[in-house]
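Topology and contacts: notes
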Amino acid sequence: MQALPPPPPAIAAPPLDRSEATTGDLRVAAALTDAQVRVDSSFRGASIVLYGAVFNPTPEPADVVVVVRGPDAPIRLVKKTRTSGVWLNSRPVLFEGAPGFYMTASTRPLSDIADFGQLRRLGVGVDHLRIDAPEESRTVTRYGVRDVVVSRLGDDYLDWRRAVIRLKEAAALYDTDSEGVEFVDRGLFRAEVKLPTVAPTGKYYAEVWLFQDGEPQSVSNLTLTVEKVGLERDIYELAHRRPWLYGVLCVVLAALTGYGASRIFSRRS
């Protein structure tokens, strides 16, 4: 009888523990369930789940803060002023850049996670939101209005800034949720990003911060795209790429609509 071949040499199984490079780092990793939102005529808002994991080899607890910022756009504001007993609009003020969408979600209130200076340096939270207004004082012509003030507005700057935030919050474009980040398992968390119907199109940037003992330890950066599709996108691109043709078509369409309506009502009479 022929002898059986010797058995193959035993191979040691790799250890089940992760490498030191993984377990030794205090960090956060995150992702989105959908990184692209399509806007059409039936768009009624969207809800996107941001999920991730915290790798914390230390016994100290850590906090997660999610910040989502939409594309910047200029904002023009006016204020009612009473002159000689008559309420009139003040000279308009133009902020050259403010996020079209801004939300923060965290495991607990931001003031309990980090101090004022730290949040201000990172621009985390509506109170620390960076809204671009040039340092220099000057007047320009914008939106067909002459002598639009573009400045830091001196002592009144904070009042105008609060007005920007208040209007955005009323439109559901700015939101703060001090309990918006939920840990569903040990180290695993989720947060919900709610986009309203009026959410601007463009590229959104999400930052997922990991704080421990009031200091930022790690950050994960994500991007989200909101874009128009279908007929809405065609009309949008036509209006921005060929505004003269878009204007002509609008005038022709309005004329045809008026003519058709007049024919219908003349027959009925």
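What comes next is a walk through the structure. (Residues numbered from 1 in each chain as written. Predicted model: local features only at pLDDT ≥ 70, side-chain atom pairs only at ≥ 80, totals over all residues. Heavy atoms only, no water.)

**Points about the environment of Thr58**
Examined against the element boundaries, Thr58 turns out to sit in the loop between β3 (46-55) and β4 (63-69). Of the residues examined, Thr58 reaches a relative accessible area of 33% and is grouped as partly exposed. Separated by 33 residues in the primary sequence, Thr58 and Asp25 have C-alpha atoms spaced 9.3 Å apart. Polar contacts involving the side chain of Thr58 include one to the side chain of Gln212, which spans 3.1 Å. (Helix = DSSP H or I, 4+ residues; strand = E, 2+ residues; numbered from the N terminus. Buried < 20%, exposed > 50% of the residue type's maximum accessible area, 1.4 Å probe, protein only. Polar contact = N/O pair within 3.5 Å; in protein donor to acceptor, adjacent residues only side chain to side chain.)

**Some points on unusual backbone geometry**
Unlike most non-glycine residues, Ala172 shows phi in positive territory, near 65°. Unlike most non-glycine residues, Asp213 shows phi in positive territory, near 55°.

**As for helix α4 (residues 157-170)**
In an α-helix, one turn spans 3.6 residues, which is why side chains three or four residues apart end up on the same side. Over its 14 residues, α4 extends 20 Å from the first C-alpha to the last, a length consistent with the 20 Å expected when each residue adds 1.5 Å. If you check which residues of α4 are buried, you get Tyr157, Trp160, Arg161, Ala163, Val164, Ile165 and Lys168. Contacts from the buried residues of α4 go to β5 (72-77), β8 (93-99) and β12 (174-177). (Expected span 1.5 Å × (residues − 1). Contact = heavy atoms within 4.5 Å.)

**Some thoughts on a nonpolar patch on the surface**
On the surface, Val248, Val252 and Leu256 cluster together to form a nonpolar patch covering roughly 270 Å² of accessible area. Inspection of the secondary structure puts Val252 in helix α6 (residues 243-268). For Val252, a relative accessible area of 41% corresponds to the partly exposed category. (Patch = residues over 30% accessible without salt bridge, like charges linked within 9 Å, V, L, I, M, F, W, Y side chains within 5 Å. Areas by Shrake-Rupley, 256 points an atom, 1.4 Å probe, with all protein chains shown as cover. Salt bridge = Lys/Arg side-chain N within 4 Å of Asp/Glu carboxyl O.)

**A short note on the packing of aromatic side chains**
Counted according to the given criterion, the structure contains 4 aromatic pairs. Where Phe101 meets Tyr204, the ring centres are 5.7 Å apart and the plane angle is 55°; that geometry is what we call tilted. With Phe101 in the loop between β8 and β9 (102-106) and Tyr204 in strand β15 (residues 202-212), the pair connects residues that are 103 residues apart, well separated along the chain. Between the aromatic rings of Phe183 and Phe189, the centroid separation amounts to 6.1 Å while the plane-to-plane angle is 65°, which identifies the pairing as edge-to-face. For Phe183, a relative accessible area of 38% gives the class partly exposed. (Phe/Tyr/Trp six-rings, centres within 6.5 Å; stacked < 30°, edge-to-face > 60°.)

**Points about the pattern of salt bridges**
Under the criterion given, the structure shown has 3 salt bridges. Asp72 is the partner of Arg69 in a salt bridge, and the nearest nitrogen-oxygen pair spans 3.4 Å. Judged by relative accessible area, which is 21%, Arg69 ranks as partly exposed.

**A word on the nonpolar core**
Among the nonpolar cores identified, the biggest contains 56 residues, and Leu50, Val66, Phe95, Phe189 and Leu195 are the most heavily contacted of them. Of all the elements, β15 adds the most residues to this core, at 6 residues. (Core = buried A, V, L, I, M, F, W, Y, C linked by side-chain atoms within 4.5 Å.)

**Regarding the sheet that holds strand β16 (residues 215-228)**
The mixed open sheet is built from 6 strands, whose spatial order is β2-β16-β15-β4-β9-β12. A single partner strand is all that each edge strand has here, and the edge strands are β2 (36-39) and β12. Averaged over all adjacent pairs, the angle separating strand axes in this sheet is 15°, with direction ignored. One ladder, built from 11 bridges, connects β15 with β16; its direction is antiparallel. Bridge pairing links Leu210 to Ser218 in β16. (Pairing = 2+ DSSP bridges. Axes fitted to C-alpha atoms, helices over the stretch in contact; angles between N-to-C directions.)

**Observations regarding the side chain of Asp63**
Checked against the element boundaries, Asp63 lands in strand β4. At a separation of 2.9 Å, a polar atom in the side chain of Asp63 contacts the side chain of Arg108. Apart from the residues lying within four places of it in its own chain, the contact partners of Asp63 are Thr107, Arg108, Ile113, Trp209, Leu210 and Phe211.

**Things to note about a negative patch on the surface**
Where like charges cluster on the molecular surface, the negative patch consists of Glu60, Asp115, Asp213 and Glu215. Since its relative accessible area comes to 41%, Glu60 is described here as partly exposed. (Lys, Arg positive; Asp, Glu negative; His and termini not counted. Charge placed at Lys NZ, Arg CZ, Asp CG, Glu CD.)

These figures capture arrangement, not role.
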